Every structure is written in C-alpha cells, then in structure tokens.
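A closer look at the structure
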Amino acid sequence: MSFPNTFLWGAASASAQIEGAWDEDGKCPSIWDVAGRHIKNGQDCHTACDHYHRYKEDVALMKEMGLKSYRFSISWPRIMPEKGKVNPKGIEFYKNLITELKAAGIEPLVTLYHWDMPLWVDREGGWKSPKIIGYYLEYVKVVVEALSETVRYWMTFNEPQMFIMLAYVTGTSAPFKHDVFTFRNHLRHMLLAHGKAVKLIRENAKLKPIIGIAMAATTYIPDSEDEAGLRDAAQKSFESTVGEGSNSLYMDPIALGRATKMLRRRLSAEDLKIISAPLDFIGVNVYQPSNGMINKKGYDTDELPKTMMGWIIDGRCLYWTIRQYYERYHLPVMVTENGMANPDAVSSDGKVHDADRVKFLDDFLSGVKRAVDEGIPVLGYQHWSIMDNFEWCEGYGPRFGLIHVDYATQKRTVKDSGWHYAEIIRSNGENL
Ligand code: GCO
C-alpha cells in the first residue's frame, strides 16, 4: 500500500507561538503574555512571528511548499476577551486566514485550545475551577458557529498533559502553579470539557465535523518484535507509571470510557459517559521514545543523537506510537506534531542548510509509511513547526521550523528541510 491521495501532508503551529499582536484589535492577555520572568532571556510572545499581520505571506509559502493541510490554534483571548463578550475582530482574523488557506488548496485543521488561556479565566481559577467548563464551551460554540462552514477538522485540546501537569503540578508551564494534591480535579474538568465540546461540535457544526484531540504521546519501542516483545512494549507505553501518566490516564476515559487506577475514584459512570463522546481520530504529538525513562539498561541514551532540546532522535518511535495507539484505541491516527529543534541560521548563500532536519524527516516519515503500508488508518502528518517560533519558556532559541524566521526583520526563508518536505509531498511519499 502507499499513501492515499487524501493523506494530509501538513505542518503545525499554535496561536501564542506565532501570532504576536498580543494586545491588538480587542484581544485580552493570555496567561503566556504575562509569563514574564519564567521565559528565558527576558523574551516574551508579544510579537513572536507577527503572523497576525503576515498570514498572507505565510500561507503563500505554505502553498509554494505544496502543503495539503495546516494545523493552527485559535486564540481564546482573541475571541472572548471578557466574560460573555465576543470580539468580532478576532473572528474576522481566523475567517480571513481560512479563506486564504482554502484559496491555496490547504485544509485547515483547528486546535481549539493550545495553552493560551485568557487571563480572566485564570483569575477565576483556570483548570482548578469547574467554571472553566462552561466558559470553554461558550467559546467553542462561538468558534463553531463562526467557522464550521469551512472547517471540518477540529481538535478540542493540545497536550492536556502539559497544561494540567506542568502548569499545576510541577509549575513549569503557565500559569506556574504548584498543586500536587488536587490535579485530579483539574484533570476531571479538562476531560469533561473535552467530552462536552465533542458533543457540542457534533451537534452544531455546519460541515460534518471530524473531531480529535492532540496528545503528547510517549512510546516504548519494543525490545523485540515477537509477540512477547510487543505485549511488553504496549504495557510499558500505557500501563507503567510513565505510560499511564502520559497516555492512558487521558485516553482510556476518552476513547474507552474507563478510568485508569489514578482516576478511578474521581470519575463517576455519568462522567465517563460524557467524557467518552465518540471521536473520529486521535492526534499524536511525537518527539522521542520513552525507553530511556522506563528501562535505562535496555536503552543507552548517552549513545544516541539528540536535538538542541536534548531530545533523543530515534525515528522508530513514530511508527510505534501510531501502531500502539491504533491497537489500543481502534481509532484513526493523525500525527499532529513531530519535529526537532536546531540553532539554524541563514548562510552566506541566503539559504538555511539544516541537514539534520532533512534526515529527521526521512527517518520519521519512513515510520509513517510503514504504518500506512500495514493498513493502519493514518489521516495525515503535521510537521512541527511550519516556522521557527516562540518555544514557551525556552523563548526563541530552539528553532523548530521548516521556515526560518529572522525575528529582527521578520524575514522568512524556507529551509532546505522545507524544500525537501515539498518533494516528499509532491511524490505523495513515494520517494521515502
Ligand atoms: C508542545 C506543543 C508545541 C511545542 C512543540 C515543541 O508539544 O510542547 O504542542 O507547542 O512547541 O511540541 O516543544
């Protein structure tokens, strides 16, 4: 089998990481706009890639690269800057962006929440308070009413692991709280908000929606591919402490309607019914395997190449994530993020020679190809990221883009990897 003609070859971004225009046209601050001292080198996301003003140029580059899809997130603070108040200017921006994408033949894939909570929601308790469920649904309803004539693909959340655990337990992500004992409540609020949003989108969308969620998937690559090896790897990916914490804690309630040990006493039968509203796909964000975290002896991480984030490069993890998620949850899979950071720079010939990322693409995409060859329904691959951007607390140092951004001039340069990806897309993955 080869890649279907409908395969969504794309790239991804998130509002807070690229848009800038943080206080323009009626937008209120998000929790990331006020992250201050938590961000490296005194940087902030107030201007970022200035995509809010340059989206036409950015979409033109996507078209030149031949992208079939573009995954981006909607900024909640742009749409609802105050409790109960809708900002027409915010809606207009996304309508214009989508019109531009459609004219370029690019399918919009919309993430409804990629971490940039409006500050007013945080002040009312954020994920700590059950009130957030109502606020989130009100926002989702506005977006679905405004955009569902043209948008088919929806993701309720991006990486709940991060905005629940890192934001409220370790306190390393906005809004930087330490609440070790109560995260199960936060998690319950997020899961209920997800399930209710799925129902709301299903009932209100004008085009038949295709709904998913993007997970920060962690995967154990099997030590051997015989039956015992496969069973052991799946167990480590979903049932070890690491595997439960990152995968099944969220996905078992969502996709199987059952809670893992950690949540068993927190979710009622009624909760689980709401949370498990039928989904159309699971999005996986995949960067590195978790073998080294689970089994240090079997996986010598010192020997392996790493990205500038210190993340291990091992392309096999993408194939195994897709397969293990499919085997456990029986839902089509979309790779919603996958990529690597480099300290890329423009060379004297005006180009960006990011040979590591070219190789990365070949390695990881071969894994996607293997999954497709084996008949696993994979809807698409969204490279992280379309362009260099604001990497949260890391600021602008790590560059993840297929397009280089000079932050002083906002000049865009498609990197070698971007053109290489364009070739892969043109051949529909036949050259992998
Ligand atoms: C995440 C987010 C992205 C990141 C990317 C690289 O996984 O943290 O979804 O916003 O920028 O993953 O770290």
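Residues numbered from 1 in each chain as written. Predicted model: local features only at pLDDT ≥ 70, side-chain atom pairs only at ≥ 80, totals over all residues. Heavy atoms only, no water.

This part takes up the side chain of Asp-314. Along the chain, Asp-314 turns up in the loop between α12 (291–294) and α13 (316–329). Of the polar contacts made by the side chain of Asp-314, one reaches the side chain of Tyr-299; its length is 2.6 Å. In terms of polar contacts, Asp-314 uses its side chain to reach the side chain of Arg-316, at 2.9 Å. Residues in contact with Asp-314, not counting those within four places in the same chain, are Ile-221, Pro-289, Tyr-299 and Phe-364. (Helix = DSSP H or I, 4+ residues; strand = E, 2+ residues; numbered from the N terminus. Polar contact = N/O pair within 3.5 Å; in protein donor to acceptor, adjacent residues only side chain to side chain. Contact = heavy atoms within 4.5 Å.)

Glancing now at the packing of aromatic side chains. Within this structure, the stated rule accounts for 36 aromatic pairs. Both rings, one in Tyr-325 and one in Tyr-329, keep their centres 5.7 Å apart while their planes meet at 55 degrees; by these two values the pair is tilted. Within this pair, Tyr-325 and its partner Tyr-329 are both found in helix α13, separated by four residues, close to a single helical turn. Tyr-329 shares its class with Tyr-325; the two are buried. Joined through ring pairs, the aromatic side chains of Trp-32, Trp-115, Phe-176, Phe-390, Trp-392, Tyr-396 and Tyr-407 make up one cluster. The ring of Phe-93 has Arg-78 sitting right over it, with the charged end atom 5.9 Å from the ring centre. A cation over an aromatic ring shows up here: Arg-370 above the ring of Tyr-319, its NZ or CZ 3.9 Å from the ring centre. (Phe/Tyr/Trp six-rings, centres within 6.5 Å; stacked < 30°, edge-to-face > 60°. Buried < 20%, exposed > 50% of the residue type's maximum accessible area, 1.4 Å probe, protein only. Lys NZ or Arg CZ within 6 Å of the ring centre and 35° of its normal.)

It is worth spelling out the nonpolar core at this point. Core analysis: the biggest nonpolar cluster contains 136 residues, and Trp-32, Trp-127, Tyr-136, Tyr-139, Met-190, Tyr-325 and Val-368 have the highest contact counts within it. For this core, the element with the most residues is helix α6 (residues 131–147), which contributes 12 residues. What Met-190 contacts, discounting residues up to four positions off in sequence, is Trp-127, Phe-157, Pro-160, Phe-163, Ile-164, Ile-213 and Tyr-250. In terms of nonpolar packing, the next biggest core, distinct from the first, is built from eight residues, Leu-8, Met-155, Phe-281 and Met-334 among them. (Core = buried A, V, L, I, M, F, W, Y, C linked by side-chain atoms within 4.5 Å.)

Moving on: the environment of Cys-49. By the secondary structure assignment, Cys-49 is in the loop between α1 (15–18) and α2 (51–65). In the structure, Cys-49 is positioned 341 residues away from Phe-390 in sequence and 8.0 Å away in space, judged by C-alpha atoms. When sequence neighbours within four positions are dropped, the list of residues in contact with Cys-49 reads Gln-17, Ile-18, Arg-54, Met-387, Asp-388, Asn-389, Val-405, Tyr-407, Gln-410 and Arg-412.

Let's shift gears to the pairing of strand β7 (residues 333–337). For a regular strand, side chains alternate in direction, first toward one face of the sheet and then toward the other. Within β7, five of the five residues are buried, which leaves the element mostly enclosed by the surrounding structure. Pairing analysis gives four bridges linking strand β6 (residues 282–285) to β7, with the strands arranged parallel. When the sheet's bridge partners are listed, Asn-285 is paired in β7 with Glu-337. As defined by bridge partners, β7 adjoins strand β8 (residues 378–384) across three bridges and the pair is classed as parallel. Looking at the pairing, Val-333 lines up with Val-378 of β8. (Pairing = 2+ DSSP bridges.)

Two side chains that carry opposite charge are able to pair once their charged atoms sit near each other. Evaluated as defined, the whole model comprises 32 salt bridges. Here Arg-231 ties to Glu-227 by a salt bridge, and the two come within 3.7 Å at their closest N and O atoms. With Arg-231 and Glu-227 both in helix α9 (residues 227–238) and four residues apart, the pair spans about one turn of that helix. You'll find Arg-231 and Glu-227 in the same group, each marked exposed. Between Arg-258 and Asp-252 there is a salt bridge, with its nearest N and O atoms 3.9 Å apart. Owing to a relative accessible area of 44%, Arg-258 belongs among the partly exposed residues under this scheme. Linked through salt bridges whose partners overlap, the residues forming this network are Asp-344, Asp-354, Arg-357, Asp-388, Arg-399 and Lys-415. (Salt bridge = Lys/Arg side-chain N within 4 Å of Asp/Glu carboxyl O.)

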